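# Geometric and topological summary
Here are the chains, one letter per residue:
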Amino acid sequence: LEIHLRQKKPGGFMADIRVLATDLEFPEGPVVMPDGSVVLVEIRGKRLTRVYPDGRKEVVAQIPGGPNGAALGPDGKMYICNNGGFSWIPTGKMIMPGPQPDDYQGGSIQRVDLQSGKVETVVDRCGEHKLRGPNDLVFDAHGRFWFTDFGKTRQRDMDRGLVCYARADGSVCREVIRAMVTPNGIGLSPDGTRLYVAETIPGRVWWWEITEPGQVRIERTGTVNRGHLLAGVPGQVAELLAADR
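Now for a nonpolar patch on the surface. On the surface, a cluster of nonpolar side chains totalling about 260 Å² of accessible area is made up of Met158, Val181 and Ile201. Mapped onto the elements of the fold, Val181 is located in the loop between strand 18 (173-180) and strand 19 (183-188). Classification of Val181 as partly exposed rests on a relative accessible area of 34%.

Relative to the assigned elements, Phe150 resides in the loop between strand 16 (145-149) and strand 17 (161-166). Residue classification places Phe150 among the buried residues on the basis of a relative accessible area of 16%. Remark: the alpha-carbon pair of Phe150 and Leu131, spanning 19 residues in sequence, is separated by 9.4 Å. Here Phe150 is in contact with Gly133, Asn135, Asp159, Gly161, Thr182, Pro183, Asn184 and Thr200, once residues within four sequence places are set aside.

The next point concerns the nonpolar core. In this structure, Leu137, Phe145 and Phe147 are the most contacted members of the largest nonpolar core, which totals 17 residues. When residues of this core are traced back to their parent elements, those giving at least two are strand 8 (78-82), strand 12 (119-123), strand 15 (134-139), strand 16 and strand 17. Considering every element that reaches this core, the biggest residue donor is strand 17, with 3 residues. Core analysis: the next-biggest nonpolar cluster, separate from the first, contains 16 residues, Val31, Met33, Met78 and Ile80 among them.

Moving on to the packing of aromatic side chains. Scanning the model with the defined rule gives 7 aromatic pairs in all. With centroids separated by 5.1 Å and ring planes inclined at 75°, the aromatic side chains of Tyr79 and Phe139 adopt a geometry described as edge-to-face. Note that Tyr79 is positioned in strand 8 and Phe139 in strand 15, a separation of 60 residues in sequence. Taking the relative accessible area as the measure of exposure, Tyr79 reaches 1% and is therefore buried. Looking at Phe139, the relative accessible area reads 15%, which means it is buried. Grouping aromatic residues by their ring pairs yields a cluster made of Tyr79, Phe139, Phe145 and Phe147. The ring of Tyr52 has Arg56 lying over it, and the distance from NZ or CZ to the ring centre is 4.0 Å. One residue, Arg194, lies across the ring of Trp207, its end atom 3.5 Å from the ring centre.

Cysteine pairs can be covalently joined through their sulfur atoms, and such a bond is termed a disulfide. Overall, the coordinates contain 1 disulfide when judged by the stated rule. Shown here is the disulfide that connects Cys126 with Cys173, its sulfur atoms set 2.1 Å apart. Within this pair, whereas Cys126 is found in strand 13 (residues 125-126), its partner Cys173 is found in strand 18, the two being separated by 47 residues in sequence. Note on accessibility: Cys126 and Cys173 belong to one class, buried. Here Cys81 stays free of any disulfide, with the sulfur of Cys164 as its closest cysteine sulfur at 9.9 Å. Distance from the sulfur of Cys164, which forms no disulfide, to the nearest cysteine sulfur (Cys126) is 3.7 Å. Taking relative accessible area as the criterion, Cys164 reaches 0% and is therefore assigned buried.

What follows covers the sheet that holds strand 6 (residues 57-62). Taken in spatial order, the 4 strands make up an open sheet running 3-4-5-6, and their pairing is antiparallel. Of all the strands in the sheet, the pair left with one neighbour each is strand 3 (27-32) and strand 6. Strand-to-strand twist of the sheet, defined as the mean angle between neighbouring strand axes without regard to direction, takes the value 25°. Bridging between strand 5 (residues 47-51) and strand 6 involves 5 bridges; their strand directions are antiparallel.

Turning next to the side chain of Thr182. Considering the arrangement of structural elements, one finds Thr182 in the loop between strand 18 and strand 19. Judged by its relative accessible area of 1%, Thr182 falls in the buried class. Apart from the residues lying within four places of it in its own chain, the contact partners of Thr182 are Phe150, Met158, Ala198, Glu199, Thr200, Ile201 and Pro202.

Mapping Val112 onto the fold places it in strand 11 (residues 108-112). Between the C-alpha atom of Val112 and that of Gly73, which follows or precedes it by 39 residues, the distance is 9.9 Å. Every residue in contact with Val112, bar those within four places of it in the chain, is listed here: Leu48, Val60, Ala61, Ile63, Lys77, Met78, Ile80, Gly117, Lys118 and Val119.

What counts and how
Within each chain, residue numbers correspond to sequence positions counted from 1 in written order. At least 70 in pLDDT is required for a residue's local features to be given in this predicted model, at least 80 for side-chain atom pairs to be given and counted, and no such filter applies to totals for whole chains, interfaces and linings, which use all residues. Computation of side-chain values: all heavy atoms of the structure, hydrogens and water removed. Residues with no salt bridge and a relative accessible area higher than 30% make up the patches, which join like charges within 9 Å and nonpolar side chains (Val, Leu, Ile, Met, Phe, Trp, Tyr) within 5 Å. Note that accessible areas follow from Shrake-Rupley with a 1.4 Å probe, and for residues the cover is restricted to the protein chains shown. Each salt bridge in this description consists of a side-chain nitrogen of Lys or Arg and a carboxyl oxygen of Asp or Glu lying within 4 Å of one another. Strands are runs of DSSP state E lasting at least 2 residues, helices are runs of H or I lasting at least 4, and numbering of each runs from the N terminus. Only protein chains enter the accessibility calculation, which uses a 1.4 Å probe. A residue is then buried if its area is under 20% of the maximum for its type, exposed if over 50%, and partly exposed in between. Contacts are assigned to residue pairs that have any heavy atoms within 4.5 Å of one another. The term nonpolar core refers to a set of buried residues drawn from Ala, Val, Leu, Ile, Met, Phe, Trp, Tyr and Cys, joined through side-chain atoms within 4.5 Å. Only rings of Phe, Tyr and Trp enter the pairing, Trp through its six-membered ring, and a pair is recorded when the two centres are within 6.5 Å. The plane angle decides the type: under 30 degrees is stacked, over 60 is edge-to-face, the rest tilted. A ring has a charge above it when a Lys NZ or an Arg CZ is no more than 6 Å from the ring centre and no more than 35 degrees off the ring normal. Only a pair of cysteine sulfur atoms within 2.5 Å counts as a disulfide in this structure description. Pairing between two strands requires that DSSP report at least two bridges joining them. Only the stretch in contact is used when a helix axis is fitted, and all axes are lines through C-alpha atoms; the angle between N-to-C directions ranges over 0 to 180 degrees.

Worth remembering: the numbers are spatial, not functional.
Next up, the structure:
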């Protein structure tokens, strides 16, 4: 697997693609740092890794389970969605995530000190319910974060997914949107008024109006998630999501 660095040229075209790093074990959640390095998770490798502009790689922290999405918090620490782990299935030339493994650890949101590598668990449940497979997260202007809980799949059944909202200190975590089908990437519009969520298996992207911090307007339209369907492409997989600023 590779990371590509794209340099923007006059006219807005993306060009000069070059390989920055290789031999990463299922990388996701890249975060561009002020020094030009990129910090990302390696889900299968169970670690948080920093890649420097010259291609040098540095392990920031080993993270048991399944470190998934990542976002830089207002405290300068990296917040990680930990999906609790996958089984891994060879598929063609790749190795892809499979059902819930025997050593599944449960889902959580974790915080990593980028200097020391210390890993702390911030949230592992919303109310009475334990997190199953947190996937991606995004911070808002209030220093709190939205995140998706993808759930876990097993041989004969699967979890319904969630969208949750939490404080960075872990003191509050609330379920906001329920009964989603494998919610994955999550993002905010540049002005912070819309929440976007991608559903992997159905190949759909939804949006909701944010009415106040941690709240969305639920539409009475009869749709499953009571949101607005932005895009749906049959046969395609919707995973990562980012808003262009």
